[in-house]
Amino acid sequence: MTATKGRGAAGDDTRGDTVAAVVRQWQAVHPDLDTGPMEIIGRVNRCAALLQQAEDAPLRRAGLSRPEFDLLGALRRTGHELTPGDLARETFSSGAAVTKRLKQLTERGLVERRGDTRDRRVSHVRLTDAGRDLVDAILPEQLAYETAVLSPLTEPTQTDLATLLSNLLTHLEGRLNSVRT
């Protein structure tokens, strides 16, 4: 018996999501392989893809993408100027992506850039009043939207899921580079 079957997930017809069907197909082709990791990673990836496809309604109404809101949010929650490099680290984005987004947000009057007095290669980014007001207006609506997305899950289930995902994320953030080949 594979570890997956031992967990009771394989062949369990109560799981009717897309990943369950994929796992059943792989088990038919390779019954000797443990598809347990696929059940978790596949579902995390599928959830992420569906959430990205759905887009964030409050952000869309404000004319913002999630990555743009993440940049504005990083500036708002840290409460001080950040360099584009800082923003890339805060938002898990590439430097090129941050540069492109900052250009768009600057043109919209939501952020301002100023050069460093000691190093002309460095710039500092801050929210404008309009940017701060926009983030403060959108955040409660965005949180309400995310609450609605998660509403099929009970509060204890959401807490358990948050804990499990935090444990996985902490492990990945600390060790992912060691498992890459």
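Owing to the predicted nature of the structure, the values given are computational and were not obtained by experimental measurement.

So, about helix 2 (residues 18–29). Between the first and last C-alpha of helix 2 there are 17 Å, a value that for 12 residues agrees with the 16 Å anticipated at 1.5 Å per step. Among all positions of helix 2, only Val19, Ala20, Val23 and Gln27 are buried. Projected onto a plane normal to the axis of helix 2, the buried residues spread over an arc of 100° and lie on a single side. Opposite the buried face of helix 2, by more than 90 degrees, sit the exposed residues Gln25, Ala28 and Val29. Its side-chain oxygen at 2.9 Å from the backbone nitrogen of Val19, Asp17 defines the N-terminal cap of helix 2.

Ranked by size, the top nonpolar core spans 20 residues in total, and within it Leu64, Leu72, Leu75, Leu87, Leu102, Leu105 and Val111 carry the most contacts. Mapped onto this core, the elements with two or more residues apiece are helix 5 (66–78), helix 6 (84–91), helix 7 (95–107), strand 2 (123–127) and helix 8 (129–150). Ranked by residue count, the leading element in this core is helix 5, at 5 residues. With near-sequence residues (within four places) excluded, Leu87 lies in contact with Leu71, Ala74, Leu75, Leu82, Val98, Leu102 and Val125.

We now examine the environment of Val98. Tracing the chain through its elements places Val98 in helix 7. Accessibility expressed as a relative area gives 0% for Val98, which makes it buried. Each C-alpha atom, one on Val98 and one on Gly85, is 8.3 Å from the other, the two residues being 13 residues apart in sequence. Leave out the neighbours within four places in its chain, and Val98 touches Leu71, Pro84, Leu87, Ala88, Thr91 and Ser93.

Thresholds, definitions, all that
Residues numbered from 1 in each chain as written. Predicted model: local features only at pLDDT ≥ 70, side-chain atom pairs only at ≥ 80, totals over all residues. Heavy atoms only, no water. Helix = DSSP H or I, 4+ residues; strand = E, 2+ residues; numbered from the N terminus. Expected span 1.5 Å × (residues − 1). Buried < 20%, exposed > 50% of the residue type's maximum accessible area, 1.4 Å probe, protein only. Arc of directions from axis to C-beta. Polar contact = N/O pair within 3.5 Å; in protein donor to acceptor, adjacent residues only side chain to side chain. Core = buried A, V, L, I, M, F, W, Y, C linked by side-chain atoms within 4.5 Å. Contact = heavy atoms within 4.5 Å.

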